[in-house]
Amino acid sequence: MQNLNSTGQDEVTGQGQIPRASSLAGDVYEAIFSQLMELKIAPGSRITVDSLVKEFGVSHTPIREALGRLEGEGLVLKTHLIGYSAAPQISRQRFDELYELRLLLEPDAAGKAAASMDESKLATLREAAGVMGRRDGADERARYSTFARQDAVFHDQIMVFAGNELIRQTLTFQHTHFHIFRLMFHARVTEEALDEHEAIIDAFAKAEPIAAQKAMRDHIEHSRDRLRPAFD
Ligand SMILES: [Zn+2]
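Keep in mind that this is a model prediction, so the values were computed, not measured.

1. Thoughts on the overall build of the protein
From N to C terminus, the protein includes 10 helices and 3 strands. Beginning at the N terminus, the succession of helices and strands in the protein can be written as α-β-α-α-β-β-α-α-α-α-α-α-α. The proportion of buried residues among the 232 residues of the protein is 44%. Looking at the protein alone, contacts between residues at least 24 apart form 74% of all its contacts between residues at least 6 apart. Total accessible area computed for the protein in this model is approximately 11500 Å², and 53% of it derives from carbon and sulfur atoms.

Laid out in structure tokens, this is it:
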């Protein structure tokens, strides 16, 4: 149980740690997001506002706010007269479609981003990639949830630098990273991706579009191959 109203610095409880500086609504959102990513809230299962109110020791308002935000991200569904539930896992077909879409768009975007790379953009990408590698005492589950979010940030930032806002929005709208990371909870999913992100950063550092395209294609293909066993 994690009480979000507590003001003390709670010991690590083995659950997601709550960032201290942010708002209550934000904390509640992060806590539920983590539970969804770590499969503590199983895909397709009911989510009752009252049980979250009890678990987090907060009022209905921040819980409803958080669930509304998660609904917008496709992680939570709201059904008339029934209430909230965790979105079901994506189907094998949707998984393949998502990766086909990514492979069409992201390597090309990485090439464009590499062509206009500069020190400040590189620093931004290094920072985004760096957060994923940090261990700083967080347990494996909390780390996984951070990784899922940060991977989305890293890939989105590359799309920003590629400069086509429509393509960026198309990918953002799929919330790909949230869905794929929920397929499987496994350290390998994150560890291998760190090296692949490094290869992408290296190509950016050299401002080599062809190398950046290849590094991004390799990363997405490997990511697909790592997660596909979730459907076996
Ligand atoms: Zn990635």
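So, next bit.
2. A short note on the packing of aromatic side chains
In the structure shown here, the tally under the stated rule is 6 aromatic pairs. Aromatic pair Phe-95 and Tyr-99: ring centres 4.8 Å apart, planes at 50°, arrangement tilted. One end of the pair, Phe-95, and the other, Tyr-99, are both in helix α4 (residues 92–115), 4 residues apart, so they sit about a helical turn from each other. In terms of burial, Phe-95 and Tyr-99 fall into one category: buried. Between Tyr-144 and Phe-181 the ring centres are 5.8 Å apart and the planes differ by 80°, which places this aromatic pair in the edge-to-face class. Taken together, the positions of Tyr-144 in helix α6 (residues 140–162) and Phe-181 in helix α8 (residues 176–181) put the pair 37 residues apart, joining distant regions of the chain.

3. A few points about the side chain of Asp-151
One can find Asp-151 in helix α6. Here Asp-151 is buried and forms no salt bridge, its nearest opposite-charge partner Arg-102 lying at an N-O distance of 5.1 Å. When residues no more than four places from it in sequence are discounted, the contact partners of Asp-151 are Met-132, His-177, Phe-181, His-197 and His-219.

4. Re the nonpolar core
Core analysis: the biggest nonpolar cluster contains 58 residues, and Ile-32, Ile-63, Leu-67, Leu-70, Phe-154, Ile-158 and Phe-204 have the highest contact counts within it. Both of domain 1 (2–86) and domain 2 (92–231) provide at least three residues apiece to this core. Setting aside its immediate chain neighbours within four residues, Ile-32 contacts Ile-41, Leu-52, Phe-56, Ala-66, Leu-67 and Leu-70. Residues Leu-105, Ala-109, Met-159 and Ala-162 belong to the second largest nonpolar core, which totals 5 residues.

5. Considerations on the coordination of the zinc ion
Summarising the metal site, the zinc ion is bound by the protein donors Asp-151 (OD), His-155 (NE2), His-197 (NE2) and His-219 (NE2), whose distances to it range over 2.1 to 2.2 Å. Linear spacing of the donor residues for the zinc ion on their chain is D-x3-H-x41-H-x21-H. On the criterion of sequence distance, the pair formed by His-155 in helix α6 and His-219 in helix α10 (residues 209–227) is long-range, its members being 64 residues apart. On the accessibility criterion, His-155 (2% relative accessible area) is buried.

6. A word on the sheet that holds strand β3 (residues 83–86)
In spatial order, the strands read β1-β3-β2; together these 3 strands make up an open sheet with antiparallel pairing. Across the chains shown, the open sheet's two edge strands, defined by having one partner strand only, are β1 (46–47) and β2 (76–79). Relative to β3, β2 runs antiparallel, the two sharing 4 bridges. Across the sheet, Thr-79 pairs through a bridge with Gly-83, a residue of β3. Strands β1, β2 and β3 of the sheet are contacted by helix α3 (residues 60–72), whose axis makes an angle of about 105° with β2.

7. Let's talk about the packing of helix α5 (residues 119–133) against α6
As a packed pair, α5 and α6 sit with axes 8 Å apart at the nearest point and diverge in direction by 165°. On the basis of the axis angle, α5 is roughly antiparallel to α6. You can see that α5 and α6 cross each other, and the crossing is left-handed. Each of Lys-121, Thr-124, Leu-125, Ala-128, Ala-129, Val-131, Met-132 and Gly-133 in α5 lies in contact with α6, whose residues at this interface are Arg-143, Thr-146, Phe-147, Gln-150, Asp-151, Val-153, Phe-154, Gln-157, Ile-158 and Phe-161. Taken together, the residues of the contact of α5 with α6 sort by class into 10 nonpolar, 5 polar and 3 charged.

8. Comments concerning the pairing of β3
Examined bridge by bridge, β1 and β3 share 2 bridges and lie antiparallel to one another. Bridge pairing in β3 places Ile-47 opposite Tyr-84. The turn joining β2 and β3, which pair antiparallel and follow one another in sequence, is formed by 3 residues; a positive phi near 70° is taken by Leu-81.

What counts and what doesn't
- Residues numbered from 1 in each chain as written.
- Predicted model: local features only at pLDDT ≥ 70, side-chain atom pairs only at ≥ 80, totals over all residues.
- Heavy atoms only, no water.
- Helix = DSSP H or I, 4+ residues; strand = E, 2+ residues; numbered from the N terminus.
- Buried < 20%, exposed > 50% of the residue type's maximum accessible area, 1.4 Å probe, protein only.
- Contact = heavy atoms within 4.5 Å.
- Areas by Shrake-Rupley, 256 points an atom, 1.4 Å probe, with all protein chains shown as cover.
- Phe/Tyr/Trp six-rings, centres within 6.5 Å; stacked < 30°, edge-to-face > 60°.
- Lys, Arg positive; Asp, Glu negative; His and termini not counted.
- Salt bridge = Lys/Arg side-chain N within 4 Å of Asp/Glu carboxyl O.
- Core = buried A, V, L, I, M, F, W, Y, C linked by side-chain atoms within 4.5 Å.
- Domains from an automatic or database assignment.
- Donors = N, O, S within 2.8 Å, 3.2 Å for Na, K, Ca; no water.
- Pairing = 2+ DSSP bridges.
- Axes fitted to C-alpha atoms, helices over the stretch in contact; angles between N-to-C directions.
- Parallel < 35°, antiparallel > 145°, perpendicular 65-115°, else oblique.
- Left-handed = near helix turned anticlockwise from the far one by under 90°.
- Nonpolar A, V, L, I, M, F, W, Y, C, P; charged D, E, K, R; others polar.

Taken by themselves, the reported measurements are silent on function.
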